[in-house]
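So you can see what is in the structure, the chains are spelled out below.
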Amino acid sequence: MRLIRILFITFCIFLLTDLCRADQASQNDPTTASSDSLDTTLPQYPGKSFGSYMLDVPEVILSSPIYVVKGISWFAIEGIYRNGTLRRIVNQFVAFEPVEGFKPVISYGSNKGLRYGAGWEFFDTFKQGDDLFIKGSYSTNEYQKHSIKYSAPSIFSRDAGLKLLLQYQTRTRESFYGLGNDSRNEDKVSYYLEESVVSATTRWRTARGLAVEVTGGWIRSNTFDGKSTQYVNSLDSSKTLLGLTDLDLANAQFLRIGGTIELDWRDNKGQPSRGGQESVSVTYSKGIGDSDDLSYITTRAEAAHYFNLYHKRIIALRLIAQSIDVKGDVPVIPFQFRSGLGDANLLRGYTTNRFIDNDLTAAAIEYRWPIWDLLDAFIFAEAGRVYGSITKEFTLKNWHESIGTGLRLWNRDGVILLLQGAFGEDDTQFYLELGGEW
């Protein structure tokens, strides 16, 4: 916890010093001087007092790791990129498509290991403007994920479209630590999750970035003994310890219907520097089969805002809240359907769904700066926690924290390659994603 706070302070100091240096440089840049000025002497920086020099000492100590990263980036830019070699490599990588529509899929995560596969995108499949995506992937830890997605943004009218999704995946070494914000590492259990999804979404868009979605579908989830070589591989053996019920381990099936209102006013989807994206969604899930006596409502609100400080130095802020209300006589729902914190997108310093309960809140701040035309580096700090009931238990205490850094290769339509490393309170995670999640 102390290391997290020290590194977070480093992040804040680095940001402030970077801003101050840019402001001072712009004030003393001779190219910004008036054309009427006859003074041709070099700009003179103001003198520093002894106290100022003393205040520089903690700044240098705290920010030195960041400047090492920036120094390496500078060397790469000056020594390799500016001569055109790396520029050509990056441009070829972004445009890589040996077969029309082919998209490689490569990723890495702590549980799944190295994932590899391929996808194909077929344009104008049934009518002009629609797309068909087919993707399949496997991993070194026997994870697999296969999906077919059809998208027709203007099938009903110019502003009203349709999305269809069929997806099947297995995850052999998922981790469960128990329910609640205070779940412990020593209670970790490995399990095997099998999941199938069928869904249809209609989306209506307006000219001002406002969109309304209605989604309906079916989801089935099954749990089995895990295949981890390091941890207990049976949820059943830990039912008493973890407070699980028979329903938690059952073949759970739900029918779902929900709606989302989204306002997207970002200036660029791949790397937004201004604007924001806000959304509110409500989903009703009704159990069928073994889960026919269970139903619940999931409400989620999310907001992201982007600020261009100077020269494409970007601050990204993100806030998320999610709540699950159970309907009917059964007080619990299967843990894999509850709110979870921890993955490559939310609380990145922890394994997938490290903290699970009914509700969650999370916040993140990210500082991005350009290295090359389409390649940015970033550092981030984030925090979050889960609750049995956010309305009864909300507090700013005992939030779990993580910090990290990474690289993002992007184009105007989205992120092409994402590499991240994150540090949690008692864990370290690395992520690689090429090919997107579609």
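Small disclaimer: the values here were computed from a predicted structure and weren't measured.

Cut-offs applied
- Residues numbered from 1 in each chain as written.
- Predicted model: local features only at pLDDT ≥ 70, side-chain atom pairs only at ≥ 80, totals over all residues.
- Heavy atoms only, no water.
- Helix = DSSP H or I, 4+ residues; strand = E, 2+ residues; numbered from the N terminus.
- Buried < 20%, exposed > 50% of the residue type's maximum accessible area, 1.4 Å probe, protein only.
- Contact = heavy atoms within 4.5 Å.
- Areas by Shrake-Rupley, 256 points an atom, 1.4 Å probe, with all protein chains shown as cover.
- Core = buried A, V, L, I, M, F, W, Y, C linked by side-chain atoms within 4.5 Å.
- Pairing = 2+ DSSP bridges.
- Patch = residues over 30% accessible without salt bridge, like charges linked within 9 Å, V, L, I, M, F, W, Y side chains within 5 Å.
- Salt bridge = Lys/Arg side-chain N within 4 Å of Asp/Glu carboxyl O.
- Phe/Tyr/Trp six-rings, centres within 6.5 Å; stacked < 30°, edge-to-face > 60°.
- Lys NZ or Arg CZ within 6 Å of the ring centre and 35° of its normal.

A.B. asks: I keep staring at the overall build of the protein and nothing clicks. Help me out?
C.D. replies: The helix and strand tally for the protein stands at five helices and 18 strands. Burial analysis of the protein (438 residues in total) assigns 44% to the buried set. For the protein, the proportion of contacts with a sequence separation of at least 24, taken over those separated by at least 6, is 58%. When the accessible surface of the protein is totalled, it reaches about 23,400 Å², and 60% of it is carbon and sulfur.

A.B. asks: Looking at this structure, how should I read the nonpolar core?
C.D. replies: One broad rule of soluble globular proteins: the nonpolar side chains tend to lie buried together. Formed by Tyr310, Ile315, Tyr367, Trp369, Ile371, Trp372, Leu375, Ala377, Ile379 and Leu409, the largest nonpolar core amounts to ten residues. Secondary-structure elements contributing two or more residues to this core are β14 (359–372) and β15 (375–387). Looking at this core, the element that brings in the most residues is β14, giving four residues.

A.B. asks: Just to check I follow, could you spell out the environment of Ile403 for this structure?
C.D. replies: Assignment of secondary structure puts Ile403 in strand β16 (residues 400–411). For the pair Ile403 and Glu366, spaced 37 residues apart in sequence, the C-alpha to C-alpha distance is 9.6 Å.

A.B. asks: Looking at this model, I keep getting lost on the pairing of strand β5 (residues 160–176). Mind explaining?
C.D. replies: On any regular strand, side chains alternate: one points to one face of the sheet, the next to the other face. For strand β4 (residues 144–157) and β5, the ladder comprises ten bridges, and the chain directions are antiparallel. What sits directly across from Ser151, in β5, is Lys163. Remark: two residues form the turn of the hairpin made by β4 and β5, two consecutive strands paired antiparallel. Here 15 bridges tie β5 to strand β6 (residues 189–205), and the two strands are oriented antiparallel to one another. Bridging across to β6, Gln167 finds its partner in Val197.

A.B. asks: Please clarify how a nonpolar patch on the surface should be interpreted in this entry.
C.D. replies: A cluster of nonpolar side chains, Ile106, Tyr108, Leu114, Tyr116, Tyr138 and Phe430, forms an exposed patch at the surface whose accessible area comes to about 590 Å². Where the nonpolar patch is concerned, the elements lending two or more residues are β1 (102–109) and β2 (113–123). Look at Tyr116 and you get partly exposed, because its relative accessible area is 44%.

A.B. asks: What's the story with the pattern of salt bridges in this structure? I'm lost.
C.D. replies: Note on pairing: side chains with opposite charge can pair once their charged atoms come close. By the definition in use, this model includes 18 salt bridges. When the shortest N-O distance is used, the salt bridge between Glu174 and Arg171 registers 3.5 Å. The same class applies to Glu174 as to Arg171, namely buried. A salt bridge links Arg408 to Glu366, with the shortest nitrogen-to-oxygen separation between them at 2.8 Å. One end of the pair, Arg408, is in strand β16; the other, Glu366, is in strand β14, and 42 residues separate them in sequence. Neither Arg408 nor Glu366 differs from the other in exposure class; each is buried.

A.B. asks: Just to check I follow, could you spell out the packing of aromatic side chains for this structure?
C.D. replies: By convention here, two paired aromatic rings are described through the distance between centres and the angle between planes. This model, assessed by the stated rule, comprises eleven aromatic pairs. A centroid spacing of 5.6 Å and a plane angle of 65° characterise the contact between Phe102 and Trp120, whose relative ring orientation is edge-to-face. Residue Phe102 is found in strand β1, and its partner Trp120 is found in strand β2; the two are separated by 18 residues along the sequence. Phe102 gets classed as buried once you look at its relative accessible area, which sits at 18%. You can call Trp120 partly exposed: its relative accessible area is 36%. Site record: aromatic cluster; members linked through ring pairs are Phe176, Tyr191 and Phe335. The ring of Phe133 carries Lys149 above its face, with NZ or CZ at 5.8 Å from the centroid. Lying across the ring of Tyr177, Arg354 places its NZ or CZ 3.9 Å from the centre.

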